[in-house]
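Spelled out from the first residue to the last, the chains are:
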Amino acid sequence: MSQQQNITDVLMVGATGSFGRIAVQAAQHHGLRPRALVRDIRRAEKLLPGVELVHGDLEDPASLRRALHGADALVLTHGSGSDSRPDARAHIDYGGVRNILLALGDARPRVALMTSVCATRHDVPGANPWKRRSERLLRASGLPYTIVRPGWFDHADPTQRRLVLDQGGTADGGIARDQITETLVRSLLTDSALGKTFELTATDGEEQNDWSVLLSALKADAPRSVDGILDPANLPVTAEPQALRADLDAAGSPRKAG
Ligand SMILES: NC(=O)c1ccc[n+]([C@@H]2O[C@H](COP(=O)([O-])OP(=O)(O)OC[C@H]3O[C@@H](n4cnc5c(N)ncnc54)[C@H](OP(=O)(O)O)[C@@H]3O)[C@@H](O)[C@H]2O)c1
């Protein structure tokens, strides 16, 4: 795949979160112009001083259309962790991606989506399919994407800086937050990250600095496939609820064809 168009304006979704705030700094560090999608401007002014803010709510598609306008790229680190509704993951982790894709219309920004090392697992405590379902929408959309599935943050020793990129959904381990957000931003800027899904953990050693080499070693997902290239076939689309299959169809509608 060829180099994406020049990336300058990056809409940061989840920017007020514990990851999002570091992701904004990583984008700034790379000379990008981050714009933070926030629900509460006053609160965000305190959390993200000096950062351009745009009001938007992942559950309000109209607000997303305004916020997305002009974005060259999106970094998606939103999450439903502080939302007590029993179906919060469906509304936020999944519904947020669905609503963004619908609100984009014909726009084709580069997208970096953060999900979880457990995205395809059923055998770990708290496992749920909503982040994987959100990944599926993004793949189906045909947009230029990278999906990063980080391991457990705050569970890596300071000596564990050597990045380990895996595919297939069996990886486990820790990773520092700054390495997750650096990987998300690097994925926007590296050709060989396009169309790839990978788990991200870290092991003892020094951090690699050739991102092109690191990302080139990974296999790309099949175009428009619903799952990552080596994902286990443990969530068949044919067994998914009709509403979710309809969302997949809408995300992959021809107007987004690349
Ligand atoms: N535990 C782990 O080791 C691990 C590993 C990998 C990935 N993760 C995942 O990482 C994700 C992010 O983590 P975090 O610590 O950054 O979460 P967080 O601090 O709770 O941040 C969540 C972000 O999503 C935003 N958000 C929620 N609902 C929204 C809505 N309706 N409209 C717009 N924005 C909305 C929040 O905005 P407000 O500030 O307005 O609430 C906030 O910016 C989580 O989903 C988590 O599952 C966790």
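Model, not experiment: these values are computed from the prediction.

With respect to the packing of aromatic side chains
Consideration 1: In this structure the tally under the stated criterion is two aromatic pairs.
Consideration 2: Ring centres 4.4 Å apart and planes at 80° place the aromatic pair Phe19 and Phe153 in the edge-to-face group. Here Phe153 lies in strand β7 (residues 152-153) and Phe19 lies in helix α1 (residues 18-29), a separation of 134 residues in the sequence.
Consideration 3: A relative accessible area of 7% places Phe19 in the buried class.
Consideration 4: When the ring centre of Trp130 is taken as reference, the NZ or CZ atom of Arg133 above it lies at 4.4 Å.
Consideration 5: A cation sits over an aromatic face here: Arg177 above Phe19, 5.1 Å from the ring centre.

Quick word on the site of the ligand
Consideration 1: Contacts to the ligand come from 21 residues, most closely from Thr16, Ser18, Arg39, Arg43 and Lys131.
Consideration 2: At 2.5 Å from an oxygen atom of the ligand is found a side-chain nitrogen or oxygen belonging to Ser18.
Consideration 3: Between Gly79 and the ligand, the recorded distance is 3.2 Å, taken from a backbone N or O atom to an oxygen atom.
Consideration 4: In the complex, 82% of the free accessible area of the ligand, which totals 940 Å², lies under the protein chains.
Consideration 5: Applying the majority rule of atoms within 2 Å of the grid points places the ligand in the largest pocket.

Side note on helix α8 (residues 242-251)
Consideration 1: Within α8 the residues assigned to the buried category are Leu244, Asp247, Leu248 and Ala251. Projected onto a plane normal to the axis of α8, the buried residues spread over an arc of 100° and lie on a single side. Across α8 from its buried face, at more than 90 degrees, point the exposed residues Gln242, Ala243 and Asp249.
Consideration 2: Contact partners of the buried residues in α8: α4 (88-104) and α5 (130-141).

Thoughts on unusual backbone geometry
Consideration 1: Despite not being glycine, Asp154 shows a phi value in the positive range, around 65°.
Consideration 2: With respect to the secondary-structure elements, Asp154 resides in the loop between β7 and β8 (162-166).
Consideration 3: Owing to a relative accessible area of 55%, Asp154 belongs among the exposed residues under this scheme.
Consideration 4: Unlike most non-glycine residues, Arg224 shows phi in positive territory, near 65°.
Consideration 5: Topologically, Arg224 is positioned in the loop between α7 (211-216) and α8.

A word on the pairing of β8
Consideration 1: Residue alternation in β8 divides its side chains into a buried set, Leu163 and Leu165, and an unburied set, Arg162, Val164 and Asp166.
Consideration 2: Where β8 meets strand β10 (residues 196-203), five bridges bridge the pair, whose relative direction is antiparallel. Its bridge partner lying in β10, Asp166 is registered against Glu199.

What about the sheet that holds strand β3 (residues 52-55)?
Consideration 1: A sheet is described by the order of its strands in space; here eight strands give the open sequence β3-β2-β1-β4-β5-β6-β10-β8, paired in mixed fashion. Two strands bound the open sheet, and with one partner strand each, they are β3 and β8. When strand polarity is set aside, the average angle formed by the axes of neighbouring strands in this sheet is 25°.
Consideration 2: Here helix α3 (residues 61-68) sits on the sheet and contacts β1 (9-13), β2 (33-38), β3 and β4 (73-76); the angle it forms with β2, its principal contact strand, is near 170°.
Consideration 3: With respect to the sheet, α4 is in contact with β1, β4 and β5 (110-114), its orientation differing from that of β4 by roughly 170°.

Some details on the nonpolar core
Consideration 1: Core analysis: the biggest nonpolar cluster contains 35 residues, and Val10, Met12, Leu165 and Leu200 have the highest contact counts within it.
Consideration 2: Beyond its immediate sequence surroundings of up to four residues, Leu200 is in contact with Val148, Arg149, Pro150, Gly151, Leu163, Val164, Leu165, Ile175, Gln179, Ile180 and Thr183.
Consideration 3: Counting 29 residues, the second-largest nonpolar core is a separate cluster that includes Leu68, Leu137, Ala140 and Leu244.

Some remarks on the packing of α1 against helix α6 (residues 177-189)
Consideration 1: As a packed pair, α1 and α6 sit with axes 9 Å apart at the nearest point and diverge in direction by 55°. When the axes of α1 and α6 are compared, the pair comes out oblique. The crossing of α1 and α6 is right-handed. Residues Ser18, Phe19, Ile22, Ala23, Ala26 and Ala27 of α1 lie in contact with α6, whose contacting residues are Arg177, Asp178, Ile180, Thr181, Glu182 and Val185.
Consideration 2: Across the contact of α1 with α6, the residue classes break down as seven nonpolar, two polar and three charged.

Considerations on the pattern of salt bridges
Consideration 1: What the rule picks out here adds up to 19 salt bridges.
Consideration 2: The partner of Arg149 in a salt bridge is Glu135, with the nearest N and O atoms 2.6 Å apart. Of this pair, Arg149 sits in strand β6 (residues 145-150) while Glu135 is found in helix α5, placing the two residues 14 residues apart along the sequence.
Consideration 3: Through salt bridges with shared partners, one network takes in Glu135, Arg139, Arg149, Glu199, Asp221 and Asp231.

Cut-offs used in this document
- Residues numbered from 1 in each chain as written.
- Predicted model: local features only at pLDDT ≥ 70, side-chain atom pairs only at ≥ 80, totals over all residues.
- Heavy atoms only, no water.
- Phe/Tyr/Trp six-rings, centres within 6.5 Å; stacked < 30°, edge-to-face > 60°.
- Helix = DSSP H or I, 4+ residues; strand = E, 2+ residues; numbered from the N terminus.
- Buried < 20%, exposed > 50% of the residue type's maximum accessible area, 1.4 Å probe, protein only.
- Lys NZ or Arg CZ within 6 Å of the ring centre and 35° of its normal.
- Near = heavy atom within 4 Å.
- Polar contact = N/O pair within 3.5 Å; in protein donor to acceptor, adjacent residues only side chain to side chain.
- Areas by Shrake-Rupley, 256 points an atom, 1.4 Å probe, with all protein chains shown as cover.
- 1 Å grid on protein atoms, 1.4 Å probe; cavity = no way out; pocket = protein on both sides within 12 Å on 5 of 7 lines; lining within 4 Å.
- Sits in = over half its atoms within 2 Å of the grid points.
- Arc of directions from axis to C-beta.
- Contact = heavy atoms within 4.5 Å.
- Pairing = 2+ DSSP bridges.
- Axes fitted to C-alpha atoms, helices over the stretch in contact; angles between N-to-C directions.
- Core = buried A, V, L, I, M, F, W, Y, C linked by side-chain atoms within 4.5 Å.
- Parallel < 35°, antiparallel > 145°, perpendicular 65-115°, else oblique.
- Left-handed = near helix turned anticlockwise from the far one by under 90°.
- Nonpolar A, V, L, I, M, F, W, Y, C, P; charged D, E, K, R; others polar.
- Salt bridge = Lys/Arg side-chain N within 4 Å of Asp/Glu carboxyl O.

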